[in-house]
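# Summary of structural features
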There are 2 protein chains.
Amino acid sequence: MKKLRKPVYACAPFHTLFLGPGRKEFHPKKPRPGIEHYIFEAGKGCLEQVPNPEALDEGVIGNFMAARFNNQGHLGAFLPAVHPSLRHKPCTRVEGACGSGGLAVATAVKAVLSGQADAVLVMGVEVQNTVKAVYGADILAGAGHFSRERKSGHAFFFPNLFSERAGAAYERYGMEYVRRGMAEWYALAVENARRNPNAQEHHNTNPDLRATGMTDPKRQKFLPHLTTYDCSKVTDGASAFVVASEEGLKKIGIDRKDTATFVSIAHAEGDITQDPEDLCRLDTTEAVAARALEAAGATPGEIGVLELHDCFTITGLLALEAIGFAEPGKGAQFVLDGNTRPDGSTPTNVTGGLVGFGHPTGATGVRQCADLVQQLTGKAGDCQVAISDSRPYGMFINMGGNDKTLVSAILTRAD
Amino acid sequence: MKKLRKPVYACAPFHTLFLGPGRKEFHPKKPRPGIEHYIFEAGKGCLEQVPNPEALDEGVIGNFMAARFNNQGHLGAFLPAVHPSLRHKPCTRVEGACGSGGLAVATAVKAVLSGQADAVLVMGVEVQNTVKAVYGADILAGAGHFSRERKSGHAFFFPNLFSERAGAAYERYGMEYVRRGMAEWYALAVENARRNPNAQEHHNTNPDLRATGMTDPKRQKFLPHLTTYDCSKVTDGASAFVVASEEGLKKIGIDRKDTATFVSIAHAEGDITQDPEDLCRLDTTEAVAARALEAAGATPGEIGVLELHDCFTITGLLALEAIGFAEPGKGAQFVLDGNTRPDGSTPTNVTGGLVGFGHPTGATGVRQCADLVQQLTGKAGDCQVAISDSRPYGMFINMGGNDKTLVSAILTRAD
């Protein structure tokens, strides 16, 4: 990706409650809000922070599988119902499996850079507790190469793909060591979620998270190499924010001090018809991180707040290695050394990540970027971390499929 | 929409066969190519016209419902399998029901305008003969406001929405007159398709199309106000072309004389939660056409070749009125007067349109734009029409849902 040809800002971040098993509000047999509720709540919550929403030029919405979870396609056409100013303006739904939210961010940034829009509403949404988990897993298998992979696959298709990655890492680096890193990842995710009132794991009171995280996969008989604690959640939720040019900020009435600036944005697509060359490497994640850092002229050591796509705990460890925070096999050590803690060198997933905050699949990339905007503008509440001048950047990496759709952006405080 | 901030070109158009009932190759009980076949064939057919495809920067793919017709999401991740140059480049799937292809075109144009890409592969694909028509109709109902409209809706949900529009037009303007216009539209669609070897109606040998087009809806017992002849087809197919900047053309090795130039592009979204105010008006189509014409500084009378989204014959008539070719109610007369014939004042859907060429839903907008590129570069074979200096523009209008996602572009010969 190239440098951005003009400044692009992000502002007015908002998250709905991330609802699913674990939340006190969630009951599997009681009625729950549908997808439209989340779209309207996220849109309203975002635009209430915008003095002149009628100046919006465009909308982009990321969603993965409403076609099957909710029988509803065509989500772009709900955005004019979010705010009448979007009526007869361009509104687009983008999809790249669990990377759909990241695609929404990238598409909005490009719309502003194109000169066709000055202010764009960006949203991500997924409501997936509409079916039982095992049917949901079949639906989510549409993120893989269905015709080739599905028949021979596990009932829990994607969890099993990452179970295989975990198994390969145990084999190469030692099971006890890798699982300790994964357990620490799990524990931090829940601890962070406890400070985040919107998080799915917010109500988790388990007194010994690290012991739970070390549960032997053999005991659960769920997957060969992962336990349910290693997995992100089945979540209903939506996030939204606004992307704008300098002129767009003036038009919508937002002060630059209440924004973060995009320093770079990168998007890399892997070939879905190919298996990973090395199960212990995320090569598309490597590519997208390298491009985002290069275009920003930044190093991993300058990242002050990091959002990683921990669909599974093992994915978080491998992503740290893919960015360059740790040598291959040393991701677990990087976590065990405390670097990813909110007070560590590289605060990571400080609102809980996919394991703790939840993973409304098509919303996650928007959620990650909205979280960075909250952190960089000092509005992250109990989850706020200190952003120092030597580590001024926020970075997110959002993944779709098995390391296939990758979007990463680097943002910083607007000067 | 604003004027384009720099020149954007389109080149290397390609269509697969549009397969479905009516084609000799089609047999409902015999195996047929799957969605991947169409993606790879369209990609290969496009890129074989490009001397240096390794210079591609990006890919965009429009698709509506592969999630349900083919159990496959995440289509962007197939593009690196189309050509290895796209590996680790940005590839995005966009969706706006039957307007998905138009969104792909608009997204590609904005990617080039953004400065992030100089050459973008644009594709649209749909493979929908995987289920029986009535189940397919339920899937396609995801283009409407499912939670509100579906329960009370007709088994053939979308055909019935446009049947209601036709009924309203019969009521207001006279049934015999409107149906004569629709029958003429049907006849021209099939006659044009007979000159197009890729069209679904290419093998249609009906000697009296106008009489068939006048079939009384009551006789068929399919819909109250439409017959099957008024409907576009259930089609498997894909189209592709390349969008590039001036620099992009040099890099991929395409001469400007083999391209068309985008003069304007517009995208307007209607509110899916609202019913049409007037069944005889396409108000989002009016908005998108007005914006495309205004940004181009063009009038309807300067359009030398027109591509309209005739998902139903009545839609074609109403679209002519929405653009301004005819007063309300006079669309049928405009057609009966011969204006839309290949040798008329405004040659329309000269390769057959959705009724004659076929309607692989998420592909149609890309197909329309690719057809304009063929016409404007004089490479439309037996379907070629004369493009005069006084009518130098090609225009397409692509629609998703019931007048909800509208994309229109105006192109001309590159000078």
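## Some thoughts on the overall build of chain A
Secondary structure assignment for chain A yields 16 helices and nine strands. Relative to the compact-globule value of 22 Å for 415 residues, chain A shows a C-alpha radius of gyration of 20 Å, a close match. Summarising its shape, the C-alpha atoms of chain A cover approximately 55 × 50 × 40 Å along the three principal directions. Across the 415 residues that make up chain A, the buried fraction comes to 68%. Across chain A, the fraction of contacts at a sequence separation of at least 24, relative to all contacts at a separation of at least 6, is 78%. Accessible surface computed for chain A: about 13,300 Å², of which carbon and sulfur atoms make up 51%. Placing the 43 positive and 46 negative side-chain charges of chain A at their respective mean positions leaves the two points 4 Å apart.

## Comments concerning the pairing of strand β2 (residues 58–62) of chain A
All names here are of chain A. Counted residue by residue, β2 has five buried out of five residues, so it is predominantly covered. In β2, alternate side chains face the same way, and those of E58, V60 and G62 on one face and G59 and I61 on the other are all buried. As judged from the five bridges shared by β2 and strand β4 (residues 119–127), these two strands associate in the parallel manner. Directly across from E58, in β4, lies its bridge partner V120. Pairing of β2 with strand β3 (residues 91–95), which is carried by four bridges, proceeds in the parallel orientation. Within β3, the position partnered with V60 by the bridge is T92.

## Some thoughts on the domain arrangement of chain A
Residue and element names in this part refer to chain A. Examined at the domain level, chain A breaks down into domain 1 (9–131 + 234–258) and domain 2 (152–231 + 265–413). The straight-line distance from the C-alpha centre of domain 1 to that of domain 2 is 23 Å. In this complex, domain 1 contributes 45 residues to the contact, which on the side of domain 2 involves 34 residues. Its largest share of buried area at the contact with domain 2, domain 1 owes to H15, F18 and C98, together 24% of the area lost on that side. On inspection of domain 1 and its partner domain 2, the count reaches one salt bridge. A salt bridge links D258 to K379, with the nearest nitrogen and oxygen atoms 3.0 Å apart. For the pair domain 1 and domain 2, the interface holds 20 residue pairs in polar contact (both at pLDDT 80 or more). Going through the elements one at a time, β1 (8–15), α4 (100–113), β4 and β5 (236–245) are the ones with two or more residues in the side of domain 1 that touches domain 2.

## Points about unusual backbone geometry
Residues and elements named next belong to chain B. Phi at A12 takes a positive value of approximately 60°, unusual for a residue other than glycine. Relative to the helices and strands, A12 resides in strand β1 (residues 8–15). We classify A12 as buried; its relative accessible area is 4%.

## Re the interface of chain A and chain B
As a measure of interface size, the accessible area lost when the parts come together is often cited. In this complex, chain A contributes 64 residues to the contact, which on the side of chain B involves 64 residues. At the boundary of chain A with chain B, total buried surface from both sides reaches about 5,100 Å², with 49% on carbon and sulfur atoms. Of all residues in chain A, H74(A), H88(A) and Q116(A) give up the largest surface area on contact with chain B, accounting jointly for 17% of the area buried on that side. One salt bridge connects D283(B) with R87(A), and the closest N-O pair in it is separated by 3.1 Å.

## Here's the deal with the relation of the copies chain A and chain B
Taken together, a rotation about one axis and a shift along it account for how the two chain copies relate. Laying chain A over chain B is done by rotating through 180° and shifting 0.0 Å along the axis; what remains is an RMSD of 0.0 Å. Taken together, these values place the two copies in the relation of a two-fold axis. Closest approach to the rotation axis among the C-alpha atoms of chain A is made by S114(A), whose C-alpha sits 1.8 Å away. The share of interface residues of chain A whose copies in chain B are also at the interface is 100%, consistent with both copies meeting through the same surface.

## Observations concerning the nonpolar core
Ranked by size, the top nonpolar core spans 123 residues in total, and within it I314(A), M395(A), I314(B) and M395(B) carry the most contacts. Each residue touching I314(A), except ones within four places of it in the same chain, is listed here: F162(A), A166(A), A169(A), V178(A), M182(A) and L226(A). Counting 72 residues, the second largest nonpolar core, distinct from the first, contains A111(A), F396(A), A108(B) and V373(B).

## Focus on the pairing of strand β8 (residues 393–400) of chain A
Every regular strand shows the same layout, with side chains that alternate between the two sheet faces. Residue and element names in this part refer to chain A. Burial runs high along β8: eight of the eight residues are buried. Covered by surrounding structure in β8 are Y393, M395, I397 and M399 together with G394, F396, N398 and G400, the residues of both alternating faces. With four bridges joining them, strand β7 (residues 303–307) and β8 adopt parallel strand pairing. Residue pairing in the sheet places L306 in a bridge with M395 of β8. Where β8 meets strand β9 (residues 405–413), eight bridges bridge the pair, whose relative direction is antiparallel. By the bridge assignment, G394 is partnered in β9 with L411.

## Quick notes on the pattern of salt bridges
Should the charged atoms of two oppositely charged side chains come close, the side chains can pair. All names here are of chain B. Enumeration according to the criterion identifies 42 salt bridges over all chains in this entry. The shortest N-O distance in the salt bridge between R210 and E184 comes to 2.7 Å. With a gap of 26 residues between them, R210 in helix α9 (residues 209–213) and E184 in helix α8 (residues 175–194) connect regions that are remote in the sequence.

## A look at the environment of G237(A)
All names here are of chain A. The residue G237 is located in strand β5 in this model. Residues G237 and I39, 198 residues apart in the sequence, show an inter-C-alpha distance of 8.7 Å. Dropping the residues within four chain positions of it, G237 is found in contact with T16, L17, F18, Y38, G124, V125, E126, P360 and A363.

## Overview of helix α16 (residues 364–376) of chain A
Compared with the 18 Å implied by 1.5 Å per residue over 13 residues, the 18 Å span of α16(A) between its first and last C-alpha is a close match. Across the 13 residues of α16(A), 13 count as buried, placing the element largely inside the fold.

## So, the environment of H74(A)
Structurally, the position occupied by H74(A) is in the loop between α2 (66–69) and α3 (79–82). We classify H74(A) as buried; its relative accessible area is 0%. Along the chain, H74(A) and F158(A) lie 84 residues apart, while their C-alpha atoms are 26 Å from each other. Setting aside anything within four residues of it in sequence, one finds H74(A) in contact with E95(B), G96(B), A97(B), G142(B), A143(B), E269(B), I272(B), G400(B), G401(B), K404(B) and T405(B). Within the structure, H74(A) has its side chain in polar contact with the backbone oxygen of A143(B) (distance 2.8 Å).

## So, the packing of aromatic side chains
All names here are of chain B. On inspection of all chains with the given rule, the structure shows twelve aromatic pairs over all chains. Between F162 and F312, the aromatic rings sit 5.1 Å apart at their centres with planes inclined by 25°, giving stacked as the arrangement. Remark: F312 occurs in the loop between β7 (303–307) and α13 (313–323) and F162 occurs in helix α7 (residues 157–173); sequence separation between them is 150 residues. When sorted by exposure, F162 lands in the same class as F312, which is buried.

## Remarks on the side chain of T348(A)
Turning to its location among the elements, T348(A) is positioned in the loop between α14 (331–336) and α15 (353–356). For T348(A), a relative accessible area of 4% translates into the label buried.

Reading guide: rules and limits
Residues numbered from 1 in each chain as written. Chains lettered and ligands numbered in written order. Predicted model: local features only at pLDDT ≥ 70, side-chain atom pairs only at ≥ 80, totals over all residues. Heavy atoms only, no water. Helix = DSSP H or I, 4+ residues; strand = E, 2+ residues; numbered from the N terminus. Rg over C-alpha atoms; globule rule 2.2 N^0.38 Å. Buried < 20%, exposed > 50% of the residue type's maximum accessible area, 1.4 Å probe, protein only. Contact = heavy atoms within 4.5 Å. Areas by Shrake-Rupley, 256 points an atom, 1.4 Å probe, with all protein chains shown as cover. Lys, Arg positive; Asp, Glu negative; His and termini not counted. Charge placed at Lys NZ, Arg CZ, Asp CG, Glu CD. Pairing = 2+ DSSP bridges. Domains from an automatic or database assignment. Buried area = accessible area lost by both parts, 1.4 Å probe. Salt bridge = Lys/Arg side-chain N within 4 Å of Asp/Glu carboxyl O. Polar contact = N/O pair within 3.5 Å; in protein donor to acceptor, adjacent residues only side chain to side chain. Least-squares fit on C-alpha atoms with pLDDT ≥ 70 in both. Core = buried A, V, L, I, M, F, W, Y, C linked by side-chain atoms within 4.5 Å. Expected span 1.5 Å × (residues − 1). Phe/Tyr/Trp six-rings, centres within 6.5 Å; stacked < 30°, edge-to-face > 60°.

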